[in-house]
Amino acid sequence: MATENKAVITLFGATGDLAKRKLYTALFKLYQKGYLADHFALLGTSRRPLSDEEFQKIVLDSISNIPETENGQAEAFSKHFFYKSHDVTKPEHYEILKQRLAELDEQFGTEGNRLFYMSMAPQFFGTIALNLKKQGLLTDNGFNRLVIEKPFGRDFESAKKLNDELSQTFSENQIFRIDHYLGKEMVQNIQALRFGNTMIESLWNNRYIDNIQVTLSEKLGVEERAGYYDQSGALRDMVQNHIMQIVAQLAMEQPVAFTDADVRVEKIKALRSLRLYTPSEAAGNFVRGQYDAGDGTNAYRHEDGVDPESGTETFVAAKLMFDNYRWSGVPFYVRTGKKLADKFTRIDVVFKKPLIDIFANPRSESDQSLNSNVLTIFVEPKSGFAIQLNAKRAGQGFTTEPVDLSYLQSDSDKKESPEPYERLFHDALEGNHTNFASWAEIAYAWKFVDVIRKLWDIEKPQFPNYTPGSMGPAASDELLARDGRKWVYRLNH
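Cut-offs used in this document
- Here the residue numbers are simple positions, counted from 1 along each chain's written sequence.
- Residues qualify for local features only when their pLDDT is at least 70, as the model is predicted, and side-chain atom pairs are given and counted only at 80 or more; totals for whole chains, interfaces and linings, by contrast, use all residues.
- Processing note: side-chain calculations cover all non-hydrogen atoms of the structure and skip hydrogens and water entirely.
- Think of a 1 Å grid over just the protein atoms. A cavity is a set of points where a 1.4 Å probe fits yet cannot get out, a pocket is an open set with protein on both sides within 12 Å along at least five of seven lines, and lining residues have an atom within 4 Å of a point.
- Grid points are joined across faces, edges and corners, and a volume is the space filled by probe spheres set on the points.
- Strands here mean DSSP runs of E at least two residues long; helices mean DSSP runs of H or I at least four residues long; both are numbered from the N terminus.
- Three residue categories are used. Nonpolar comprises Ala, Val, Leu, Ile, Met, Phe, Trp, Tyr, Cys and Pro, charged comprises Asp, Glu, Lys and Arg, and polar comprises the others, including Gly.
- Domain limits in this description derive from either an automatic procedure or a database domain assignment.
- The contact criterion used throughout is that any non-hydrogen atoms of two residues lie within 4.5 Å.
- For any pair of parts, buried area is found by adding up, for both, the accessible area (1.4 Å probe) each one loses once the two are put together.
- By definition here, a salt bridge exists when the distance from a side-chain nitrogen of Lys or Arg to a carboxyl oxygen of Asp or Glu is within 4 Å.
- In short, DSSP must find at least two bridges between two strands for them to pair.
- With axes taken as lines fitted to C-alpha atoms, and helix axes fitted only over the stretch in contact, angles between N-to-C directions fall between 0 and 180 degrees.
- UniProt positions are given in the numbering used here, feature names are shortened, and annotations may be inferred rather than shown by experiment.
- A patch consists of residues whose relative accessible area exceeds 30% and which take part in no salt bridge; residues with like charges are grouped when within 9 Å of each other, and nonpolar side chains (Val, Leu, Ile, Met, Phe, Trp, Tyr) when within 5 Å.
- The protein chains shown are the only cover counted for residues, whose accessible areas, like all others here, come from Shrake-Rupley with a 1.4 Å probe.
- Partly exposed residues are those whose accessible area sits between 20% and 50% of the maximum for their type, while under 20% is buried and over 50% is exposed, using a 1.4 Å probe and protein chains only.

Some words on the layout of surface pockets
Then step 1. Space inside the largest pocket adds up to approximately 1,500 Å³.
Then step 2. Along the wall of the largest pocket there are 40 residues; nearest its centre are Leu-18, Arg-21, His-180, Arg-225 and Tyr-421.
Then step 3. Looking at the lining of the largest pocket, the element that brings in the most residues is helix α1 (residues 17-32), giving eight residues.
Then step 4. In terms of residue class, the lining of the largest pocket is built from 15 nonpolar, six polar and 19 charged.
Then step 5. Each of domain 1 (7-149) and domain 2 (182-482) accounts for three or more of the residues forming the lining of the largest pocket.

In structure tokens form, the structure reads like this:
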């Protein structure tokens, strides 16, 4: 049975795209499952003037594609939503919010529990947090929690400044930094796969693993995000957060217990051991790219809102190294980009070949060498695992061939799996930090990425350098080829 969460949620940026596409649907699904019921309310704010009824209509429109499990459920859900036009820079406006929150707390019996969700421009995060404290919007008789969307800074210095501002109002255990990749079912399965299976964890080290590959591939271009993206790029938009969080889970040691505090300790230890490159090392271990025109679409530099001379990267590939006992000598290859062959996220763990291949036939002209065993974690769009093993090919003679043992989630299992924002909203209401990024994790990630960013900012790239529908620039393949390796996922393979 679901346990009801009691809270008043204050949503800054309530009329924004994220709220309409993701947040209201996530809350409605929690309502359908009983995690939210009679004792919750949401106070939406933005500068746009709206009545409560107009705001409730926005919420109803946002959830209109979700089937009701009970007659009139959507309408009943919308009655928990209220609105107040608000300028986050004006202290006097917080006094009005304070009064409204007190009324909602009394009306819905939320026991003083308050969750503040910032879904707006990051430059206002600190201003809002400081005013929440100064104007007395925090309660003494319930919890006070802050949920913030990325980006968390543009570099280490700006991220530290933001964190210092937030820390004047909220302690670290009250802050929930969203990384929606941590809400994905198969990313959460990394720890179950590793620490729940002796046969996997016993091989999860440099004695048996040759390399690990992480690919976050996007088929679309920048679309309506061009203005933001041209100031960010793939390094900040994808590597510093999503990829670093996935890599930390792959590299971490087993926690003492499966608690948010213990998991965070091990992720931080893993990121501390990530090798910080010198500028010359960064140049040799990082590849950047920008898509050209193709498939009837514009080149990145010709997208609306993009500088025609833009040096912003839409693709990144890199070789990461961890300097610790478990992973010494094992490269972690990562890549992400837009306008690639398809949309998918996958992790490929490539195991070492046997030291002696007894099946190799030196008198044969054909290559009969064994393939590497590969464990693949499919994150999206399909979800599941596959293990590639070597087996005898049926028939006369004795030759080997790779075979796959696979498990893919059924459509019914996928329907039962919460969407990332549904899961993360629930965790924040429960006070569970397991699937949120801590400040220490973000700090180490920024320190690593800053070296690369500073190098790229002073070097003029040769852009564009890859075509839509490919898997990025040729230099991405060369990055692995220098080590005698290949990407597991390759086109025409």
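Focus on the domain arrangement of the protein chain
Then step 1. Partitioning the protein chain into structural domains gives domain 1 (7-149) and domain 2 (182-482).
Then step 2. Across the boundary between the two partners, domain 1 contributes 18 residues, which contact ten residues of domain 2.
Then step 3. Taking both partners together, domain 1 and domain 2 bury about 1,300 Å²; carbon and sulfur atoms supply 72% of that area.
Then step 4. The partner of Lys-33 in a salt bridge is Glu-422, and the shortest N-O contact between them spans 2.7 Å.

Some remarks on the sheet that holds strand β1 (residues 7-12)
Then step 1. Taken in spatial order, the six strands make up an open sheet running β3-β2-β1-β4-β5-β6, and their pairing is parallel. Whereas interior strands pair on both sides, the edge strands pair on one side only; in this sheet they are β3 (81-85) and β6 (175-177). Taken over all neighbouring pairs, the strand axes of this sheet differ in orientation by 20 degrees on average, direction set aside.
Then step 2. Packing of helix α5 (residues 125-134) onto the sheet brings it into contact with β1, β4 (114-118) and β5 (144-148), and relative to β4 it is tilted by some 160 degrees.
Then step 3. Strands β1, β4, β5 and β6 of the sheet are contacted by helix α14 (residues 420-430), whose axis makes an angle of about 140 degrees with β4.

Notes on the pattern of salt bridges
Side chains that carry opposite charge are capable of pairing whenever their charged atoms lie near each other.
Then step 1. Counted according to the given criterion, the structure contains 30 salt bridges.
Then step 2. Close ionic contact of Asp-210 with Arg-485 constitutes a salt bridge, the shortest N to O distance being 2.6 Å. Pair noted here: Asp-210 is in strand β7 (residues 209-217) and Arg-485 is in the segment after α16 (474-481), with a separation of 275 residues, a long-range link.
Then step 3. What emerges from the salt-bridge pattern is a single network uniting Arg-194, Glu-201, Glu-253 and Arg-326.

Focus on the UniProt feature "binding site: NADP(+)" (unreviewed entry) in the protein chain
Then step 1. The UniProt record annotates "binding site: NADP(+)" (unreviewed entry) at Gly-13, Ala-14, Thr-15, Gly-16, Asp-17, Leu-18, Ala-19, Lys-20, Arg-47, Asp-87, Val-88 and Lys-150. Of the annotated set, the members that line the largest cavity are Lys-150.
Then step 2. Summarising the element assignment, Gly-13 is placed in the loop between β1 and α1.
Then step 3. When residues no more than four places from it in sequence are discounted, the contact partners of Gly-13 are Ala-19, Thr-45 and Ser-119.
Then step 4. Positionally, Leu-18 belongs in helix α1.
Then step 5. Discounting residues that sit within four places of it in the chain, Leu-18 has contacts with Leu-23, Ser-119, Glu-149 and Tyr-421.

Things to note about a nonpolar patch on the surface
Then step 1. A surface patch of nonpolar side chains, about 650 Å² in accessible area, is lined by Leu-355, Ile-356, Ile-358, Phe-359 and Phe-398.
Then step 2. Here Leu-355 lies in the loop between β11 (344-351) and β12 (374-380).
Then step 3. Accessibility expressed as a relative area gives 91% for Leu-355, which makes it exposed.

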